[in-house]
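Here are the chains, one letter per residue:
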Amino acid sequence: MDLRIFTEPQQGATYDTLLAVAKATEDLGFDAFFRSDHYLSMGSGDGLPGPTDAWLTLAGLARETKRIRLGTLMTAGTFRLPGVLAIQVAQVDQMSGGRVELGLGAGWFEQEHKAYGIPFPKEKFARLEEQLAIVTGLWETKPGDTFDFHGTYYDLTDSPALPKPAQTRIPVLIGGNGASRTPRLAARYADEFNIPFASIEDSERQFGRVRAAAEAAGRKADDLIYSNALVVCVGKDDQEVARRAAAIGREVDDLRTNGLAGSPSEVVDKIGRYAETGSQRVYLQVLDLDDLDHLELISAQVQSQLS
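Rules and cut-offs
Residues numbered from 1 in each chain as written. Predicted model: local features only at pLDDT ≥ 70, side-chain atom pairs only at ≥ 80, totals over all residues. Heavy atoms only, no water. Helix = DSSP H or I, 4+ residues; strand = E, 2+ residues; numbered from the N terminus. Rg over C-alpha atoms; globule rule 2.2 N^0.38 Å. Contact = heavy atoms within 4.5 Å. Areas by Shrake-Rupley, 256 points an atom, 1.4 Å probe, with all protein chains shown as cover. Lys, Arg positive; Asp, Glu negative; His and termini not counted. Charge placed at Lys NZ, Arg CZ, Asp CG, Glu CD. Polar contact = N/O pair within 3.5 Å; in protein donor to acceptor, adjacent residues only side chain to side chain. Phe/Tyr/Trp six-rings, centres within 6.5 Å; stacked < 30°, edge-to-face > 60°. Buried < 20%, exposed > 50% of the residue type's maximum accessible area, 1.4 Å probe, protein only. Lys NZ or Arg CZ within 6 Å of the ring centre and 35° of its normal.

Turning our attention to the overall build of the protein chain. Across its full length, the protein chain carries eleven helices and twelve strands. Relative to the 2.2 N^0.38 estimate, which gives 19 Å for 307 residues, the radius of gyration of the protein chain is 19 Å and therefore close to what a compact globule would have. In terms of overall dimensions, the protein chain has a C-alpha envelope of 60 × 45 × 35 Å along the principal axes. Contacts in the protein chain between residues at least 24 apart in sequence constitute 73% of all its contacts with a sequence separation of at least 6. Surface summary for the protein chain: the accessible area is close to 13600 Å², and the carbon and sulfur share equals 49%. Across the protein chain, the centroid of the 32 positively charged side chains sits 4 Å from that of the 44 negatively charged ones.

This is the structure:
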């Protein structure tokens, strides 16, 4: 079971804070550092000092880390034109020496679009399908050849399809709870399918849909990696769990039910139950980015048992 650290910087974090978390992620033996792609805080937080851009952040971290994978859960398809996104991600992949992964979603948070003047189209899922075709098509085009795409929303003619990423194929992550269109899209384009903040039962059901869609599309179901994203709150005792829950404005009982919360042994047990559904990787949503002791505890007493 791979454990990856997943951050939500729109809730309030500087680049230096994210760098400290990424370096701790690397030093403590976690597999990857991922971040959300949002420009507006959610809930009651003020989000100070303001948002950081996902791919600018990852470009910086690409030069300041050496081992960990770097990526997004999920880049919003509404934020960037697909040709521009393909260039950005390929460049960051080169800067990292081939450690980048792209999670790409349709975009959903209308308020942040209004706040920053970003168009919020109605046909987001259909656009996402074209975006995936373009981004992957540009990367897969052989050097010296050109790439063309003529769709409903995007039109590319005689693209040199440059630059190329360092990796032969940048892993693409697709996720969500949709019963039909999401599994179909994952079956066609994804290297990994991620389900965010879902119960064990819902995870098992959705993984089954994606596996069936992959086989219907002529792929082996095991060609994809299956993963979960879950909020994490671990403590050596009940008092420490309660303190960490209070720091992120959550109730312990809710975190135990809907996330990974409690003692290290409790969390290891629950991760094991997700593994029984076919989950191979967990993105640990860390909401208090100043609490690096939390990461040390997870590394020493959770990750060590899983490996």
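A few words on the side chain of Arg4. Checked against the element boundaries, Arg4 lands in strand β1 (residues 2–7). One polar contact links Arg4 to Tyr283, side chain to side chain, over a distance of 2.8 Å.

Let us look at the packing of aromatic side chains. The final tally for this structure, using the stated rule, is six aromatic pairs. Look at Tyr39 and Phe79: their rings are 4.6 Å apart centre to centre, the planes differ by 25°, and that puts the pair in the stacked class. Remark: Phe79 occurs in the loop between β4 (75–76) and α3 (82–96) and Tyr39 occurs in the loop between β2 (32–35) and α2 (54–64); sequence separation between them is 40 residues. Each member of the pair, Tyr39 as well as Phe79, is classed as buried. In this arrangement the basic side chain of Lys124 is found over the ring face of Phe120, its NZ or CZ atom lying 4.1 Å from the centre.

Nothing here speaks to function; it is all geometry.
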